[in-house]
Amino acid sequence: MSELVNASATALAQAIRDRRVSSQEVLEAYFRRIEEVNPRVNALVQLSDDARGRAAAADASLAAGKIIGPLHGVPVTVKDSFETAGMVSAAGTRGRASLRTKSEATAVSRLREAGAVIVGKTNLPELGFGLESDNLVYGRTNNPYDPARTCGGSSGGEAAALAACETALGLGSDAVGSIRVPAHFCGIAGLKPTTGLVPVTGHFPPAFGAMERLLSVGPMARRVEDLALALPVIAGADGQDPNVVPMPLGDAGAVALEGLRVAFYTDDGLTRPSPETTGVVHATARALAESGMRVEEARPGCVDQTYEIMLGIFAPDGGEGVRQLLDRCGTTETHPLTQRFLELIRPHSVTLNEYGDLMRRWLMFRREMLAFVSKYDAILCPVSTEAAPPHGRTFDDFQGFSYVMTYSLTGWPAVVVRAGTSSEGLPLGVQVVARPWREDVALSVARRVEACSGGWQPPPL
């Protein structure tokens with residue numbers, strides 16, 4: 001069983017196509033793994049009623065000589081913020097605890113159309129507002145490497161499920177680091193694509209206003225190769241999300257790494273990372289240089305503005321919009337972490353003129369970042385200041401996540417991959433960022449990091 005559930009989605013897809021294993025055999029191996037470890041991790045919060053039927057259909061299709069798509073018969077899970085036909089889409093809030101939708105998020109439908117078997121849905125913070133996956137509907141998800149630690153959020157259930165080998169591939173979303181922080185905490189690989197590459201249709205809460213320029217939908221996996229496998233499946237216009245740009249995707253396998261220009265930094269001027277985090281970034285920079293890349297230490301001058309701008313974007317109304325959203329959902333009791341989020345943003349409401357100035361500052365920030373990256377092909381930096389903290393601690397130093405917020409503000413593609421291990425045995429990731437629309441470069445560099453460091457390692461479950 002371990003060979004199946006530990007395998008990459010790419011390897012499983014090939015094994016199924018070659019008929020070395022059936023989709024049903026793979027699915028049953030994952031179901032046994034879920035039964036074994038999910039009570040301790042609580043990553044999967046709902047299982048699909050028709051997974052076995054779809055796996056059987058995938059095998060029947062293959063027997064008839066028809067391959068449905070690149071994910072034919074591969075088990076996949078999705079974050080519970082994505083509407084999924086026939087399944088509850090609670091988004092972690094009590095007002096939606098029994099809500100079943102007939103519609104389905106575009107990215108979920110595209111996974112099905114590519115042959116994937118949806119196994120179930122994974123946990124998140126209430127409405128995705130937080131970097132810990134804990135809510136009053138499904139409870140708390142634990143980090144597979146230490147149950148006393150958080151798995152992160154908001155795509156934390158997805159990251160924990162992947163790290164614990166409960167699924168082969170995952171679908172997450174990211175506005176402030178919601179794919180990248182859990183990937184770092186759980187030692188997996190995650191891609192936040194360029195904003196506007198993948199439709200956010202069917203995501204709840206929906207993106208509107210400034211959030212439309214922050215929210216991205218992207219794949220999560222144990223191995224970087226699986227991110228490259230899944231991205232073409234979910235990318236591209238759907239005729240519903242008006243913000244999607246029909247950009248062609250580059251081939252990560254065709255990127256010439258030798259001579260690639262890489263800038264790295266370990267301190268953004270806002271919060272200083274732990275010595276272990278700094279050491280992992282330096283070690284990764286050396287490994288890239290030894291691989292033939294032109295690596296130099298350099299930091300964009302404006303990154304120390306990140307936290308102030310991001311907080312302003314989230315809090316211009318002091319959280320009134322979030323409270324109205326909870327009311328519309330019918331939620332009368334909120335999770336303590338949601339209350340902490342509202343307390344964090346409440347003092348930061350602004351006037352209309354101040355909001356206009358904030359938008360001007362954001363524009364200037366983006367321009368300065370583009371000027372910086374014009375001299376480089378990729379940027380290497382921390383994901384956050386430390387490894388996964390104990391449960392309930394992410395709001396204690398929220399500014400420590402400014403490293404991911406920077407590239408939410410730019411909208412650029414960013415891959416997180418495990419590059420080391422803390423003294424406590426916890427994963428330590430690095431963030432690899434590329435120019436807009438150059439997911440191929442970010443994925444190629446991240447795959448080299450993975451090759452040098454070993455990437456994902458099985459947790460001691």
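See the structure shown above.
A short tour of the structure in this document, coming up. Since we're looking at a predicted model, the values are computed, not measured.

**Some words on helix α8 (residues 224-234)**
- For α8, the set of buried residues is Val 224, Asp 226, Leu 227, Ala 230, Leu 231, Val 233 and Ile 234. Across the axial projection of α8, the buried residues extend over an arc of 155°, all falling on one side.
- Of the residues trailing α8, Gly 236 is marked for its positive phi of about 110°.

**A look at the packing of aromatic side chains**
- Inspection of the entire model under this criterion finds nine aromatic pairs.
- Their ring planes at 5° and their centres at 5.3 Å tell us that Phe 129 and Phe 341 sit as a pair that is stacked. With Phe 129 in the loop between β3 (117-122) and β4 (134-135) and Phe 341 in helix α12 (residues 336-345), this pair connects stretches of sequence that are 212 residues apart. The pair formed by Phe 129 and Phe 341 is uniform in burial state, with each residue classed as buried.

**Here we look at the sheet that holds strand β8 (residues 169-174)**
- The strand order β1-β3-β2-β8-β10-β9-β14-β15-β13-β11-β12 describes an open sheet built from eleven strands, whose pairing is mixed. In the strand order of this sheet, the two ends are held by β1 (44-47) and β12 (294-297), each with one partner. Here the average twist between neighbouring strands, direction ignored, is 25°.
- Sitting on the sheet, helix α9 (residues 275-290) is in contact with β11 (261-264), β12, β13 (378-382), β14 (414-421) and β15 (427-434), with an inclination near 155° to β13.
- Those strands touched by helix α14 (residues 402-410) are β8, β9 (189-192), β13 and β15, and its axis lies near 25° from that of β15.

**Some words on the environment of Arg 94**
- Assignment of secondary structure puts Arg 94 in the loop between β2 (75-79) and α5 (106-113).
- Residues Arg 94 and Val 181, 87 residues apart in the sequence, show an inter-C-alpha distance of 25 Å.
- If we skip the residues at most four places from it in the chain, Arg 94 touches Glu 126, Leu 136, Val 137, Thr 331 and Glu 333.
- Of the polar contacts made by the side chain of Arg 94, one reaches the side chain of Glu 333; its length is 2.5 Å.

**Re the pairing of β2**
- Counting buried positions along β2 gives five out of five residues, so the element sits mostly inside the fold.
- Both β2 and β3 contribute to a ladder of five bridges, which runs parallel. Across the sheet, the residue bridging to Thr 77 is Gly 120, located in β3.
- After leaving β2, the chain enters α5 and then returns to the sheet as β3, a path that is right-handed.
- Pairing geometry for β2 and β8, over three bridges, is parallel. Residue pairing in the sheet places Val 76 in a bridge with Leu 169 of β8.

**Points about unusual backbone geometry**
- In the segment running from Gly 153 into Ser 154, the intervening peptide bond is cis, with an omega of 5°.
- Phi at Cys 165 is positive, roughly 65°, even though this residue is not glycine.
- Looking at where Cys 165 falls in the secondary structure, it is placed in the loop between α6 (156-163) and β8.
- Of note, Trp 437 is a non-glycine position whose phi angle comes to about 70°, a positive value.
- Here Trp 437 lies in the loop between β15 and α15 (439-453).

What counts and what doesn't
Residues numbered from 1 in each chain as written. Predicted model: local features only at pLDDT ≥ 70, side-chain atom pairs only at ≥ 80, totals over all residues. Heavy atoms only, no water. Buried < 20%, exposed > 50% of the residue type's maximum accessible area, 1.4 Å probe, protein only. Helix = DSSP H or I, 4+ residues; strand = E, 2+ residues; numbered from the N terminus. Arc of directions from axis to C-beta. Phe/Tyr/Trp six-rings, centres within 6.5 Å; stacked < 30°, edge-to-face > 60°. Pairing = 2+ DSSP bridges. Axes fitted to C-alpha atoms, helices over the stretch in contact; angles between N-to-C directions. Contact = heavy atoms within 4.5 Å. Polar contact = N/O pair within 3.5 Å; in protein donor to acceptor, adjacent residues only side chain to side chain. Right-handed = clockwise from strand over helix to strand, strands pointing away.

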